[in-house]
Amino acid sequence: MKSYDELTIQDNFIFQKIMRNKRICKQTLERLLDIDIKDISYPEEEKVVDVRLDSKSIRMDVYVNDDKGTVFNVEMQTSKNMEELSKRTRYYQAMIDIDLLEKGQDYDALNNTYIIFICTFDIFKGKRHKYTFSNLCEEDKSIKLEDGTIKMFLSTKGEKDDVSKALKNFLDYVDGHAPADELMKEIDTEVMTVKSCDEWRREYMTLELEIKRREKLAAAEGEARGLAKGLAKGKIKNVKDMLKAGLVTLEAIKASGLYSKQEIEAIIAP
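Values in this document were obtained by computation on a predicted structure and should not be read as measured data. (Residues numbered from 1 in each chain as written. Predicted model: local features only at pLDDT ≥ 70, side-chain atom pairs only at ≥ 80, totals over all residues. Heavy atoms only, no water.)

1. Some points on the overall build of the chain
Piece 1. The number of helices and strands found in the chain is eight helices and eight strands.
Piece 2. Split into buried and exposed, the 270 residues of the chain put 36% on the buried side.
Piece 3. Counting contacts in the chain only where the partners sit at least 6 residues apart, residues at least 24 apart contribute 63% of the total.
Piece 4. Surface accessibility of the chain: about 16600 Å² in total, with carbon and sulfur atoms responsible for 52%. (Helix = DSSP H or I, 4+ residues; strand = E, 2+ residues; numbered from the N terminus. Buried < 20%, exposed > 50% of the residue type's maximum accessible area, 1.4 Å probe, protein only. Contact = heavy atoms within 4.5 Å. Areas by Shrake-Rupley, 256 points an atom, 1.4 Å probe, with all protein chains shown as cover.)

So this is what it looks like as structure tokens:
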């Protein structure tokens, strides 16, 4: 992880904190989507969707509703694995819908949703800044499946003249350029405010320590699994050697109850 002082708006931690500023969040959404929004609200301080104990939970960077109930999920993405990111939007959409339905809504009352990924790299090899996806009929592109879902990918590395100047200013700022308008200056000031907050610095350091703890635990578990696997291989080899030398019979091995079916199959295998 980066040190706290190295963080920028590209980092989820900073982006999340900035978008807790309601005015900035509302104006940013309007700029990203080129729409007017009357008001927004935050359903939860930090939106986590975990619909089942055995399912993969998702923690959303920015999750807000407008005055019409439209759900906006905005994510800052630095991973360049577009196949994974595309599948992630599918999973996010499914989890959001299940979460909404669990609150007792009927299918026809499902909120309209926008899933927006702000990417800090080239996407789809088209040099565009903006790629918007809705469900269209393959046989007749004039027919749209009105399911209320939109998925949008924005790239800070786009080269075409395909977005408004306001959106271009935002993407350029995320890409590391100086703030070019009043909203960008306000966001830049907010970044400095977040980075100067001792409480959030401690929160980030606690997060960093927790991630390192989990990495060490995962490494230790991996070493333990590797050791156990090595011991199991050694155990099977010893039994094979004993079997080959005539020191024990296969019937005795099976009758001992000391070996699983898989281990006995490995012992028999040439």
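Past the structure itself, the notes keep going.
2. Examining the nonpolar core
Piece 1. Among the nonpolar cores identified, the biggest contains 36 residues, and Ile9, Ile18, Leu29, Leu32, Ile118, Phe170 and Ile187 are the most heavily contacted of them.
Piece 2. Looking at this core, the elements with two or more residues in it are helix H1 (12–18), helix H2 (22–33), strand S4 (62–66), strand S5 (71–77), strand S6 (113–119), strand S8 (149–155), helix H4 (165–174) and helix H5 (182–195).
Piece 3. Those residues in contact with Leu29, other than ones at most four positions away along the chain, are Asp34, Ile37, Ile40, Val64, Phe72, Val74 and Ile116.
Piece 4. Listed in part, the 14 residues of the second largest apolar core include Val71, Tyr92, Phe121 and Ile123. (Core = buried A, V, L, I, M, F, W, Y, C linked by side-chain atoms within 4.5 Å.)

3. Section: the side chain of Thr156
Piece 1. Position of Thr156 among the secondary structure elements: in the loop between S8 and H4.
Piece 2. Those residues within four positions of Thr156 in sequence are excluded, and the remaining contacts are Cys119, Thr120, Phe121, Leu171, Val174 and Asp175.

4. Digging into the packing of aromatic side chains
Piece 1. Scanning the entire structure with this criterion turns up ten aromatic pairs.
Piece 2. Relative to Phe153, the ring of Phe124 lies with its centre 5.4 Å away and its plane at 90 degrees, an arrangement referred to as edge-to-face. In this pair, Phe124 sits in the loop between S6 and strand S7 (130–133) while Phe153 sits in strand S8, placing the two residues 29 residues apart along the sequence.
Piece 3. Since its relative accessible area comes to 35%, Phe124 is described here as partly exposed.
Piece 4. By relative accessible area, Phe153 is classed as buried at 3%.
Piece 5. A connected cluster of aromatic rings, assembled from ring pairs, spans Tyr92, Phe117, Phe124, Tyr131, Phe133 and Phe153. (Phe/Tyr/Trp six-rings, centres within 6.5 Å; stacked < 30°, edge-to-face > 60°.)

5. Side note on the pairing of S4
Piece 1. Counting buried residues in S4 gives five out of five residues, a clear majority hidden from the surface.
Piece 2. Burial along S4 is two-sided: the face carrying Val62, Val64 and Asp66 and the face carrying Tyr63 and Asn65 are both buried.
Piece 3. In the sheet, strand S1 (residues 40–41) pairs with S4 via two bridges, with the strands oriented antiparallel. Pairing of Ile40 across the sheet is with Asp66, part of S4.
Piece 4. Pairing analysis gives four bridges linking S4 to S5, with the strands arranged antiparallel. (Pairing = 2+ DSSP bridges.)

6. Considerations on unusual backbone geometry
Piece 1. Despite not being glycine, Asp34 shows a phi value in the positive range, around 55 degrees.
Piece 2. Although it is not a glycine, Phe124 adopts a positive phi angle of roughly 60 degrees.

7. Concerning the pattern of salt bridges
Piece 1. A full pass over the atoms with the stated rule returns 14 salt bridges.
Piece 2. The partner of Lys127 in a salt bridge is Asp122, and the shortest N-O contact between them spans 3.6 Å.
Piece 3. For Lys127, a relative accessible area of 36% gives the class partly exposed.
Piece 4. Here the salt bridges do not stand alone but share partners, grouping Asp122, Lys127 and Glu159 into one network. (Salt bridge = Lys/Arg side-chain N within 4 Å of Asp/Glu carboxyl O.)

8. Comments concerning the confidence of the model for the chain
Piece 1. Overall, the predicted model of the chain reaches an average pLDDT of 84, with 89% of residues at or above 70.
Piece 2. For the chain, the element scoring lowest by mean pLDDT is strand S2 (residues 48–49), at 58; H4 scores highest, at 97.
Piece 3. In this model residues 51–55 is a low-confidence stretch, pLDDT under 50, and it forms seven contacts with partners more than four residues away in sequence or in other chains. (pLDDT = per-residue confidence, 0-100.)

9. A closer look at the environment of Ser142
Piece 1. Mapped onto the elements of the fold, Ser142 is located in the loop between S7 and S8.
Piece 2. Within the local environment of Ser142, its side chain forms a polar contact with the side chain of Asp140, the two groups lying 2.5 Å apart. (Polar contact = N/O pair within 3.5 Å; in protein donor to acceptor, adjacent residues only side chain to side chain.)

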